[in-house]
Amino acid sequence: MKAYKFRAQALTPVHIGSGCEIEPMEFILHGGKIIQFNPVQVLSELPAPELDRYVRLVDSADLKGIQSFLRTHVDPGRHAIAELDASTAFRNEFEARIGNPNNRFRVDLMPRNPHSGQAYLPGSSIKGAMRTAVVNHFANLDTGSRDRVHRAVNDAEISRKGRILEEEALNRAHKETERDVFRLVDVEDAALPRGSTRIDRAVNINPGKRGAEKIQIWAERITAVSDGPARAPGFTVTLHIDTLAMDNHHVRSSMGRELDLDTIIGACNSFYWNRMKAEGDKFDGRRSGGADWKALYDLFPKGRTPDGQIVAIEPSKPYWCTDKRKRMILRVGRFSHFESLSVDELRQGYNVQARRPIRDMGATRTRCAIEGGKPAMPFGWLILTIES
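Residues numbered from 1 in each chain as written. Predicted model: local features only at pLDDT ≥ 70, side-chain atom pairs only at ≥ 80, totals over all residues. Heavy atoms only, no water.

## A closer look at the overall build of the protein
- If you tally the helices and strands in the protein, you get 12 helices and 19 strands.
- Here the C-alpha coordinates of the protein stretch approximately 75 × 50 × 50 Å along the principal axes.
- Here the protein, with 388 residues, has 47% of them falling under the buried criterion.
- By sequence separation, contacts in the protein at least 24 residues apart represent 74% of the contacts at least 6 residues apart.
- When the accessible surface of the protein is split by element, carbon and sulfur atoms take 48% of a total near 19,200 Å².
- The average position of the 58 basic charges and that of the 50 acidic charges among the side chains of the protein differ by 4 Å. (Helix = DSSP H or I, 4+ residues; strand = E, 2+ residues; numbered from the N terminus. Buried < 20%, exposed > 50% of the residue type's maximum accessible area, 1.4 Å probe, protein only. Contact = heavy atoms within 4.5 Å. Areas by Shrake-Rupley, 256 points an atom, 1.4 Å probe, with all protein chains shown as cover. Lys, Arg positive; Asp, Glu negative; His and termini not counted. Charge placed at Lys NZ, Arg CZ, Asp CG, Glu CD.)

## Some words on the pattern of salt bridges
- Scanning all chains against the criterion turns up 31 salt bridges.
- One salt bridge connects Lys 317 with Glu 314, and the closest N-O pair in it is separated by 3.2 Å.
- Classification of Glu 314 as buried rests on a relative accessible area of 5%.
- Residues joined in a network through salt bridges with shared partners are Asp 85, Arg 198, Asp 200, Arg 221, Asp 227, Arg 231 and Glu 371. (Salt bridge = Lys/Arg side-chain N within 4 Å of Asp/Glu carboxyl O.)

## Points about the side chain of Arg 331
- As for its placement among the helices and strands, Arg 331 is situated in strand E14 (residues 327-331).
- A distance of 3.0 Å separates a polar atom in the side chain of Arg 331 from the backbone oxygen of Ser 336.
- Within the structure, Arg 331 has its side chain in polar contact with the backbone oxygen of Phe 379 (distance 2.9 Å).
- Once residues within four sequence positions are removed from consideration, Arg 331 is found in contact with Ala 129, Tyr 272, Glu 279, Ser 336, His 337, Glu 339, Ser 340, Pro 378, Phe 379, Gly 380 and Trp 381. (Polar contact = N/O pair within 3.5 Å; in protein donor to acceptor, adjacent residues only side chain to side chain.)

## Thoughts on helix H3 (residues 63-73)
- Where H3 is concerned, the buried positions are Gly 65, Ile 66, Gln 67, Phe 69 and Leu 70.
- Next to the buried residues of H3 lie strand E3 (33-37), helix H1 (39-44), helix H2 (48-59) and helix H5 (88-98).

## With respect to the state of the cysteines
- Overall, the coordinates contain 0 disulfides when judged by the stated rule.
- For the unlinked cysteine Cys 268, the closest cysteine sulfur is that of Cys 321, found at 11 Å.
- Residue classification places Cys 321 among the partly exposed positions, given a relative accessible area of 29%. (Disulfide = S-S within 2.5 Å.)

## Focus: the sheet that holds strand E19 (residues 381-386)
- Across the sheet, which stays open at both edges, the 5 strands sit in the order E7-E11-E1-E19-E14 with antiparallel pairing between neighbours. One side of each edge strand has no neighbouring strand; the edge strands of this open sheet are strand E7 (185-187) and E14. Averaged over all pairs of adjacent strands, the angle between their axes in this sheet comes to 30°, without regard to strand direction.
- As defined by bridge partners, E14 adjoins E19 across 5 bridges and the pair is classed as antiparallel. (Pairing = 2+ DSSP bridges. Axes fitted to C-alpha atoms, helices over the stretch in contact; angles between N-to-C directions.)

What follows is the structure in structure tokens.
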């Protein structure tokens, strides 16, 4: 396989759920950081009298006493598995609740390497985002393809629409997995630098209904350009494409579609930039020059025009992606919303709570609260710039 290495940076906060939550018995607040520790390691180093004291607390089911005991015996320098930055609001909430182990609150954590404790961005999340954009590309390749795909999807039963869409767009039957061109594409898990995540509140926003923003959702997320350019870490995303197989006539003819790096980049830039604009129109006042959209747009890289003006470089500009510098925009992870996970003009989901179909964007957004008086930012936006 040929490897393409991208330097990635989160434009806005990115959260990938791992199914793991903060357990009060495994976290302490120290020096403004949330420290995760392994209770077994702490207990294994205790002298006999202290271990006996701990056993008595367990025998009496004194949860508050157990929690207090562990917190006072943790040495962050030796026992820390991971250190998490956190907003002031979260630290205050943590301190208020940590004294009562029965007063649980949920914090969704990023996936971590079980050996190093280092957070990572799953390659499957990035590949899934690329796949959505590529399916959208082939579903709307030309007028003939578009009409054929739309007709087939609209005629299908609701339970089969997703399958039919992929069959038509990727030109292969659902059971013909050997003809799926994405078999020749792989994305490695991307290790994140230490100290590159923090815990913040995810805010539910519904312009037509007050009160939704009071719901508390806490999530660990990647620090982003929206936090301040100096705080956004760069990390490597490696995309593999089996170009040897793709160049082989027999393999190529057996695949439902042909795929190369430029097609993937073009499909992602077109699809996700249009999704960002559409969301900006509905929720951020893009067309009227709203402050929220301006704050988001100002995050894009800057360039200088021939007459000396400094302008944002974004995917609609011809110099966004050139032979000398290829850039790609993606949206990944939780809170990306339905329309960023489905094909243009063929969105047919279902809102269980509202008991109605979803055709495009819903009435709500989930945004990440940003400290320092900055507007809450949408989740999930990444910029990838090819390095080699």
